[in-house]
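Report on the structure
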Amino acid sequence: MAEQIPGAAPRKGARRRSESQWAMGYYEPQTPAERVKRDQDALEVFDRIVNLHAKEGFRSIMPQDLNVRYRWYGLYTQRPEEDGLFMMRIRVPGGVLSADQVEAIGRISQTYGQDVADVTDRQNFQLHNIRIEDVPDVWARLSAVQLSTQEACGDVPRNILGCPLAGIAADELIDATPYVLAVNNRLTGTKEFSNLPRKFKTSISGCRDQCAVHEIMDIGMVAHEVGGRVGFDVWSGGGLGPNPHFAQRLGAFVPPERVVEVAVGIVSLFRDYGYRRSRNHARLKFLMADWGAEKLRETLEQVYLTRPLEDGPPAPESRSVHREHLGVTRQADGRSAIGFAPMAGRISGTQLVRIAGLARRFGNGRVRTTTQQKMLILDVPEEDVEPLITALDDYGLPARPNAFRASTMACTGIEFCKLAVVDTKARARWLIDELDALLPGIHDRVRINLNGCPNSCARYQLADIGLMGSLVPDPDGGDRIDGFQVHLGGKLGGQYQFGKKQKGLRVAGRDLPKFVAGLVGTWLEHRDEGQDFSEWFNELEPAEAETVVAGARG
Ligand code: SF4
């Protein structure tokens, strides 16, 4: 537990109820989860899993472990809970992987996970259908290739995101990989940060596309060059879920040598000042909304840093809203990185084993995951580019997918996730195929994100067409059926904004192809040259937008 901050005392009258901030002297847990974390540090559940639960089976797991502490090791029970099976998340800092690591994940999926895996939009892998009895062997196999599930979930610093082309992009400002790894090593595996008020998300990128979604992170660091020096512009307090907030800039220039110090400072500030009274109000974004960037920076500097931050210039410009990294990207050394698309993040263990083989055969065994549920094989010589693309195609992993497969993402959904109300992965696969048949040969990408509930794991507020799962009345009079609430025009990059919720509009899942094709067709017909979907939609007058949406509904 953190030291009480000297001189801190409950503020009188500032709020009628305390927010249970440790820094204000409120240490008494106010929620069941806070109590469980206080009673025993969640990192300590490891021994119990290996030495007790794995031997005695699912029924030996007490609820405090199953529903809270297991997350600190990447374990969630999956739907249906009676089956006693787990989703297991593997942490992949910066999306950096070796062929041996990819092969290990693939073989674990084949052996223990019914040959199913997902690559997530936070560059992790998720396995499904894991039995508690098999967890020690899974961990041993991961550990043998320096992978871990520790702190992949839970109220901790989650996986650190980075640009998948870090260290190889011809035009990057700085290779941020060493900083991703240093921050990852400093923040994880320590009780100093294993009891935060809620999850804490970080990204550090050195590229010019700013592809690590800093705009919605608790800490988002993006490189920029100021007066001949390269450093990082720091954003903080972003997050999605039902109450989305964009991160705010701290207005500071952080030189590379201070990245770890600043990350540790912001996480420490969140641990001490973050709200613990209600889990729905515990993310850093709520503290940021109350304090503002100026007060957060001031507190950071005064309480946690060795010296003040340098003021920074305006935010560096971002070039692209499409950050999939598909197809062929020429590396600084003349070789190429080949990006390819699993189906809305779904991949099999068998495909992963094959990817590992291809990475060894055509590259140097280096693989990356992206923040858009895509993957890359690096270091491919010119003469091997087309043979590799053909081999990937043979394995169902296109490097030049149709426009819909390129830009569609889906969260886990009702297949495994207990919070979901609708199916997402299978729906996405079907939608992609239907759209490709309705609008064949389209090259311009539309970002379509399907989510099974308001938690927004697949970022529906940031898509051109964001779809949030919701049950809708069956027009044929039966039980309620799968449907989606619609958000239009969300984007990151320059002019970032959340999609506009289309009030009262919920489209039945089975009607999605016609609806989405209607929107896309109108956009293609009426846009100015080069205008992406969000740019076009956001420039429409409200009445025009209503007409477009009504036309798509038919
Ligand atoms: Fe589950 Fe909801 Fe997240 Fe989808 S968005 S994975 S349904 S919690």
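The structure under discussion appears in the preceding block.
Residues numbered from 1 in each chain as written. Predicted model: local features only at pLDDT ≥ 70, side-chain atom pairs only at ≥ 80, totals over all residues. Heavy atoms only, no water.

**Thoughts on the environment of arginine 427**
Counted only if it meets this: Counting from the N terminus, the helices are DSSP H or I runs at least four residues long and the strands are E runs at least two residues long. Only protein chains enter the accessibility calculation, which uses a 1.4 Å probe; a residue is then buried when its area is under 20% of its type maximum, exposed when over 50%, and partly exposed in between.
Topologically, arginine 427 is positioned in helix α13 (residues 425–438). For arginine 427, a relative accessible area of 18% corresponds to the buried category. A C-alpha to C-alpha distance of 9.8 Å links arginine 427 and aspartate 482, two positions 55 residues apart in sequence.

**Some thoughts on the sheet that holds strand β10 (residues 248–254)**
Under the convention used in this document: In this analysis, strands are considered paired if DSSP registers two or more bridges between them. Residue contacts are defined here by distance: any two heavy atoms, one from each residue, within 4.5 Å place the two residues in contact. Helix axes use the C-alpha atoms of the stretch in contact, all axes being lines fitted to C-alpha atoms, and the angles between their N-to-C directions lie in the range 0 to 180 degrees.
Strand order in the open sheet made by the six strands is β6-β7-β8-β9-β10-β11, with mixed pairing throughout. If you trace the sheet from one side to the other, it starts and ends with β6 (157–161) and β11 (310–311), each paired once. Relative to β10, strand β9 (residues 229–236) is paired through four bridges, and the arrangement is antiparallel. Directly across from tryptophan 235, in β10, lies its bridge partner arginine 249. Contacts between helix α7 (residues 259–273) and the sheet are confined to β6, β7 (200–205), β8 (219–226), β9 and β10, with β8 contributing the most and set at about 150° to the helix. Lying over the sheet, helix α9 (residues 293–304) contacts β9, β10 and β11, oriented at roughly 40° with respect to β10.

**So, the pattern of salt bridges**
A side chain with one charge may pair with a side chain of the opposite charge, provided their charged atoms come close. Note the following rule: What counts as a salt bridge is simple: a side-chain nitrogen of Lys or Arg found within 4 Å of a carboxyl oxygen of Asp or Glu.
Throughout the structure, instances matching the rule amount to 38 salt bridges. Arginine 38 serves as the salt-bridge partner of glutamate 28, at 3.9 Å between the closest nitrogen and oxygen. Of this pair, glutamate 28 sits in the segment before α1 (32–39) while arginine 38 sits in helix α1, placing them ten residues apart in sequence. Two residues, aspartate 476 and arginine 510, come together in a salt bridge whose shortest N-O distance is 3.7 Å. Remark: arginine 510 occurs in the loop between β21 (500–508) and α14 (512–526) and aspartate 476 occurs in the loop between β19 (465–472) and β20 (481–488); sequence separation between them is 34 residues. Three or more residues are tied together by salt bridges with common partners; here these are Glu34, Lys37, Asp155, Arg276 and Arg279.

**Topic: the pairing of strand β15 (residues 366–369)**
In the sheet, strand β3 (residues 96–98) pairs with β15 via three bridges, with the strands oriented antiparallel. Paired with serine 98 across the bridge in β15 is arginine 366. Judged from the three bridges that link them, β15 and strand β16 (residues 375–380) form a sheet pairing that is antiparallel. By the bridge assignment, threonine 369 is partnered in β16 with methionine 375. Between the antiparallel neighbours β15 and β16 lie five residues, among them glutamine 373 with a positive phi of about 65°.

**Notes on empty space enclosed by the protein**
Formally: Lining residues are those with an atom within 4 Å of a point, where the points come from a 1 Å grid over the protein atoms alone and group into cavities, where a 1.4 Å probe fits but cannot get out, or pockets, open sets with protein on both sides within 12 Å along at least five of seven lines. Grid points are joined across faces, edges and corners, and a volume is the space filled by probe spheres set on the points.
In the structure shown here, the tally under the stated rule is three cavities of 30 Å³ or more. The calculated volume of the second largest cavity comes to roughly 50 Å³. Counting residues per element, the ones that place at least two in the lining of the second largest cavity are α6 (177–187) and β7.

**Things to note about unusual backbone geometry**
Most peptide bonds take the trans configuration, and most residues that are not glycine carry a negative phi. Along the chain, arginine 79 connects to proline 80 via a cis peptide bond; the corresponding omega equals -10°. Positive phi values are uncommon outside glycine, yet serine 20 reaches one of about 55°. The buried category is assigned to serine 20, whose relative accessible area is 3%. The phi dihedral of valine 213 falls on the positive side, at around 45°, and the residue is not glycine. Tracing the backbone through its elements, the reader meets valine 213 in the loop between β7 and β8.

**Concerning the site of the ligand**
Operational definition: For this purpose, a residue is taken to be near a molecule or strand whenever a single non-hydrogen atom of the residue falls within 4 Å of it. Residues are grouped as follows: nonpolar covers Ala, Val, Leu, Ile, Met, Phe, Trp, Tyr, Cys and Pro; charged covers Asp, Glu, Lys and Arg; every other residue, Gly included, is treated as polar.
Every residue lining the ligand is accounted for by Cys411, Thr412, Cys417, Leu419, Ala420, Gly452, Cys453, Asn455, Ser456 and Cys457. Residue classes in the shell around the ligand are distributed as six nonpolar, four polar and no charged.

**Comments concerning the environment of serine 336**
Within the fold, serine 336 resides in strand β13 (residues 336–340). Considering only alpha carbons, one finds serine 336 and alanine 543, 207 residues apart in sequence, at a separation of 47 Å. Setting aside chain neighbours within four positions, we find serine 336 in contact with Val328, Thr329, Arg330, Gln331, Ile377, Leu378, Asp379, Val380 and Val385.

**Some points on helix α10 (residues 349–362)**
Applicable threshold: Expected helix span is computed as 1.5 Å times (number of residues minus one).
For α10, which comprises 14 residues, the first-to-last C-alpha distance of 20 Å matches the rise-based estimate of 20 Å (1.5 Å per residue) to within 8%. Listing the buried residues of α10 in full gives Gly349, Gln351, Leu352, Val353, Ile355, Ala356, Leu358, Ala359 and Phe362.

**Details of the layout of surface pockets**
Within this model, the second largest pocket holds a volume of roughly 290 Å³. If one sorts the elements of the lining of the second largest pocket by residue count, α6 sits on top with three residues. The class makeup of the residues in the lining of the second largest pocket is four nonpolar, eight polar and one charged.

**Concerning the sheet that holds β19**
Ordered by their spatial adjacency, five strands build an open sheet running β17-β18-β19-β20-β21, and the pairing between neighbours is mixed. In this open sheet, the two edge strands, each paired with only one partner strand, are β17 (408–410) and β21. Sheet twist, expressed as the mean angle between neighbouring strand axes with direction ignored, is 25°. As paired strands, strand β18 (residues 448–451) and β19 are joined by four bridges and run parallel to one another. Across the sheet, the residue bridging to asparagine 451 is methionine 468, located in β19.

**Considerations on helix α8 (residues 284–291)**
Along α8, six of the eight residues are buried, which leaves the element largely enclosed by surrounding structure. Taken as a whole, α8 has its buried residues at Leu284, Lys285, Phe286, Leu287, Met288 and Trp291. Where α8 terminates, the next one or two residues include glycine 292, which has phi positive at roughly 85°.

**What about the packing of helix α2 (residues 45–56) against helix α5 (residues 135–144)?**
The line we're drawing: Working definition: roughly parallel below 35 degrees, roughly antiparallel above 145 degrees, roughly perpendicular at 65 to 115 degrees, and oblique for all remaining angles.
For the pair α2 and α5, interaxial distance at closest approach is 9 Å and the crossing angle is 135°. With respect to α5, the element α2 is oriented oblique. On the side of α2, the interface is formed by Phe46, Ile49, Val50 and Ala54, while α5 contributes Val135, Pro136 and Trp139. Grouping the constituent residues of the contact of α2 with α5 by class yields seven nonpolar, no polar and no charged.

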